[in-house]
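The lines below spell out each chain.
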Amino acid sequence: MTSLDTQHTDMIHDVQVDFYGKRMATASSDRTIKIFSIENRSHTPLAELRGHDGPVWQVAWAHPKHGNILASCGYDRKVIIWQENASGWSITHTYEKHELSVNSIAWAPQEQGLCLACASSDTFVSILSFKENNWTEQKFAAHKFGVSSVSWCDSGNRFVTGGCDKTVKVWSSKDGKWECTTLEAHQGWVRDVAWAPNIGLPYETIASCSQDGSVMIWRENKNQEWEKTEMKESGAVAWRVSWSTTGNILAVTSGDNKVTLYTESLNKEGEWKPISQMDEAGSLAFSGEQMS
């Protein structure tokens with residue numbers, strides 16, 4: 001494991017690598033975003049972006065076909081779109097129509113153009129789209145008590161949100177409006193959701209995790225109904241879920257400072273087993289027996 005001194009002066013909340021795996025962006029409570037070159041196992045600082053007036057919760061790289069574009073969101077209720085040109089990074093758009101913290105952002109698949117979903121504590125989701133050289137906005141109520149997370153489907157016409165009302169919602173666009181299907185299973189705030197990449201499989205899969213420590217796998221059947229599988233956790237808060245690029249390995253970050261990797265059993269569909277685990281010191285375990 002390689003560590004990196006980012007020179008942030010406060011907690012780091014998010015780290016994202018760009019499409020080519022050559023640059024990394026970090027978001028911090030010190031109100032800054034930092035960008036590093038991570039080629040050839042080196043970590044070279046490239047830029048420090050200042051524009052937020054509070055902690056920055058998340059950053060998200062747009063697909064490179066749109067240029068070098070990075071989005072960020074934070075406690076200051078702002079969503080900022082940054083763009084790099086020959087003279088460096090600058091703010092190309094700022095969205096300030098949420099009334100509380102913007103907790104999560106996600107770019108739609110590249111085929112949708114520049115389209116960003118934003119999830120806020122004010123109970124609303126905003127969809128920002130860049131069309132005809134102008135940013136358009138669509139805002140709608142999503143979850144009572146606040147929206148914590150958002151993730152797009154590969155097809156681009158659907159996305160999923162997690163909320164403080166203990167629910168997961170799958171959103172579909174119909175006649176220019178977003179309609180949802182509500183999935184209920186968690187007993188605490190839904191902290192994160194992640195729509196799995198689809199590499200030609202005949203079904204869609206979503207992961208969600210909660211304040212209650214539970215992790216759920218949701219799979220859409222042929223009748224377009226969502227069936228759930230619960231993966232038992234240690235009881236610690238489950239903070240983040242993230243899929244591998246092929247969609248067959250799920251990483252779960254928990255409040256006991258561990259990251260656990262799961263994969264679905266080849267012998268029994270719907271059974272998910274831990275295959276590896278790392279603690280904050282970088283120590284590894286490679287089987288369920290070793291981790292128990």
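Quick summary incoming for the structure in this document. If you're wondering where the values come from, they're calculated on a predicted model, not measured in any experiment.

Moving on, we come to the packing of aromatic side chains. Counted according to the given criterion, the structure contains 11 aromatic pairs. With centroids separated by 5.1 Å and ring planes inclined at 55°, the aromatic side chains of F130 and W135 adopt a geometry described as tilted. Accessibility expressed as a relative area gives 32% for F130, which makes it partly exposed. Given a relative accessible area of 11%, W135 falls into the buried group. Ring centres 5.8 Å apart and planes at 85° place the aromatic pair W195 and W226 in the edge-to-face group. Placement of W195 in strand β17 (residues 190-195) and of W226 in strand β20 (residues 226-231) is noted, with a sequence separation of 31 residues between them. Taking relative accessible area as the criterion, W195 reaches 5% and is therefore assigned buried. For W226, a relative accessible area of 13% corresponds to the buried category.

Turning our eyes to something else, we now look at the sheet that holds strand β8 (residues 88-95). The four strands lie next to each other as β5-β6-β7-β8, forming an open sheet whose pairing is antiparallel. Edge positions in the sheet fall to β5 (56-61) and β8, since each of these pairs with one other strand and no more. Strand-to-strand twist of the sheet, defined as the mean angle between neighbouring strand axes without regard to direction, takes the value 25°. Sheet analysis places β5 next to strand β6 (residues 69-74), joined by five bridges and oriented antiparallel. Bridge pairing links A60 to A71 in β6.

Quick look at the side chain of S72 now. Structurally, the position occupied by S72 is in strand β6. At 2.7 Å, the side chain of S72 forms a polar contact with the side chain of H52.

Both strand β21 (residues 238-243) and strand β22 (residues 249-254) contribute to a ladder of five bridges, which runs antiparallel. Bridge pairing in β22 links R240 to T253. Joining the antiparallel neighbours β21 and β22 is a turn of five residues, in which G247 adopts a positive phi near 75°. Where β22 meets strand β23 (residues 258-264), six bridges bridge the pair, whose relative direction is antiparallel. Each residue of the ladder has a partner; that of S254, found in β23, is K258.

Turning to the sheet that holds β23, a few remarks are in order. Spatial strand order, β21-β22-β23-β24-β25: five strands in an open sheet with antiparallel pairing. Among the strands making up the open sheet, the edge pair consists of β21 and β25 (284-285). Bridging between β23 and strand β24 (residues 272-279) involves seven bridges; their strand directions are antiparallel. Bridge pairing links L261 to S276 in β24.

Conventions we followed
Residues numbered from 1 in each chain as written. Predicted model: local features only at pLDDT ≥ 70, side-chain atom pairs only at ≥ 80, totals over all residues. Heavy atoms only, no water. Phe/Tyr/Trp six-rings, centres within 6.5 Å; stacked < 30°, edge-to-face > 60°. Buried < 20%, exposed > 50% of the residue type's maximum accessible area, 1.4 Å probe, protein only. Helix = DSSP H or I, 4+ residues; strand = E, 2+ residues; numbered from the N terminus. Pairing = 2+ DSSP bridges. Axes fitted to C-alpha atoms, helices over the stretch in contact; angles between N-to-C directions. Polar contact = N/O pair within 3.5 Å; in protein donor to acceptor, adjacent residues only side chain to side chain.

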